[in-house]
Each structure stands twice: as C-alpha cells, then as structure tokens.
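Commentary on secondary and tertiary structure
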Amino acid sequence: MKQLVLLVCLGLFGGVWAQQSATVAGTVEAPEALPENARIGVHIVDQNGVWGREIGTATPSDGRFSVELVGTAEPLSPFSSSDVVLPGLQNDYSLDPDVNFTRAQVNVYLDENGNGTFDRNTDTPYLGLAGTSAPTGFFVPFYVDQDATMEANGETLELKAGWNIFTVRFPDGAEPDYNVSNSLDAARLDVFSGSP
C-alpha cells in the first residue's frame, strides 16, 4: 500500500514538473530611455481583464529583455472559443479536448519601492502595446492544464500542458501566420508613461 501511495504521489509531482515553461524576449521601444528601476513583468489576467499577480520579471538592458513565465497559473477557467478572443482568429477556432486555462500579459513598469516585483499600490505601469516585430503581429501567453489541439483557419496548432505563446503575424502580401510555441524572441513592447 505504501508503494502504491508513493507511486501516485510521484506521478502527481511528475505531472507538475512536466509542465512547460515559456520565455518571451525582444525589445522595448520608448520615447525616452527607461530609468534604472524599469522592469518587464508577466502578469496573470483575471476573468475581468484585470492584470495583477506577477509570475515572471526581468530588467531590460540596452532596450532588450528576456523574461521567463514561472510560478502557478491559478485561477484556471474553461478555455472556450465563445469566451476567449485571440488576435487574428477572434472566436474562429476549436480545441480538443476541452482544457482549462489562464492568460498572462507582458507589462513594463517602474519598481518604485525597489522590491523587485510589481505592487499595484506603489509601482507605476507604462501604457503601450505588446506585439511582434519582423513581421508585425501580436502574441498572447496562456497556460493550459493539459495537452490539446487547436484547429484554426485550416491549421492545426499543438498546445502543451503548461505555458504556451500564441502568435499571429501579418507578412506583407501573404496570409496571416499562426504559431504556438513556448518561446518568442521577437516581441516588441511599444510603451510610454502615463496613468494606468
């Protein structure tokens, strides 16, 4: 019996450890040089579209950054095309099997209290747009609780349990290019200071 319990526990922990991580890297474009306390954060977005809890952070250097998506992804909710709009696809996709997910957002902010993480009451977020460069497009980081297949515009995209980055790019004179992977090295964050 003890061996069975141990095997079950190892299986559960193995499933957790097998969850895919992801990395977003690229450039930050701002009207003025970013101050030393500028941070790039990846934040969970709740069902109301409000971002908050930070799951990854990095300090930009010479206009470049690389941030890993780590930490827990809760809370999860059903990933339904009727509820989740993806850039370039809108609601025109299907998933098999049904999965639960949470979405994240990459933000630039000033770490006003110097503690190395985002605090809504003290830190100052930048306004801006997160996209891709060469060619121009958009990306959405999201976490799913199991492997799944996305059918969209005649294409099949494979989602892996853990963090995934959905991208759509719009090459000149060509059809949109859709992709799902666990890395993006051509992110572009166009930001300017302002009130959140």
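Data block above holds the structure.
Notes on the structure in this doc start here.

Basis of the calculations
- Residues numbered from 1 in each chain as written.
- Predicted model: local features only at pLDDT ≥ 70, side-chain atom pairs only at ≥ 80, totals over all residues.
- Heavy atoms only, no water.
- 1 Å grid on protein atoms, 1.4 Å probe; cavity = no way out; pocket = protein on both sides within 12 Å on 5 of 7 lines; lining within 4 Å.
- Points joined across faces, edges and corners; volume = space filled by probe spheres on them.
- Helix = DSSP H or I, 4+ residues; strand = E, 2+ residues; numbered from the N terminus.
- Nonpolar A, V, L, I, M, F, W, Y, C, P; charged D, E, K, R; others polar.
- Pairing = 2+ DSSP bridges.
- Axes fitted to C-alpha atoms, helices over the stretch in contact; angles between N-to-C directions.
- Buried < 20%, exposed > 50% of the residue type's maximum accessible area, 1.4 Å probe, protein only.

What follows is about the layout of surface pockets. Its volume calculated, the largest pocket comes out at about 360 Å³. Taken together, 21 residues make up the lining of the largest pocket; nearest its centre are Q105, V106, N107, G128 and A130. Those elements giving two or more residues to the lining of the largest pocket turn out to be β7 (100-110), β8 (124-132), β9 (137-144) and β14 (183-193). Considered class by class, the residues forming the lining of the largest pocket number 16 nonpolar, 3 polar and 2 charged. Counted as a void, the second largest pocket has a volume near 310 Å³. As for the second largest pocket, its lining consists of 14 residues, of which V45, D46, Q47, S77 and F101 are closest to the centre. At 3 residues, the largest contribution of residues to the lining of the second largest pocket is made by β7. Of the residues that constitute the lining of the second largest pocket, the class distribution is 7 nonpolar, 4 polar and 3 charged.

Our next topic: the sheet that holds strand β10 (residues 148-152). Read across the sheet, 3 strands follow the order β6-β10-β11 without closing on themselves; strand pairing throughout is antiparallel. In this open sheet, the two strands that pair with only one neighbour each are β6 (94-96) and β11 (155-159). On average, adjacent strands in this sheet sit at an angle of 25° to one another, irrespective of strand direction. With 3 bridges joining them, β6 and β10 adopt antiparallel strand pairing. Looking at the pairing, L95 lines up with M150 of β10.

Here we come to unusual backbone geometry. Residue E74 is joined to P75 through a cis peptide bond whose omega torsion reads 5°. Examined against the element boundaries, P75 turns out to sit in the loop between β4 (64-69) and β5 (77-78). Following A134, the chain continues into P135 via a peptide bond in cis, with omega recorded as -10°. Looking at the secondary structure, you find P135 in the loop between β8 and β9. If you check the backbone angles, A134 has positive phi at about 50° while not being a glycine. Secondary-structure assignment places A134 in the loop between β8 and β9. Of the residues examined, A134 reaches a relative accessible area of 73% and is grouped as exposed. The phi dihedral of N153 is positive, around 50°, even though this residue is not glycine. When you line up the elements, N153 lands in the loop between β10 and β11. Relative accessible area serves as the criterion here: at 44%, N153 is assigned to the partly exposed category.

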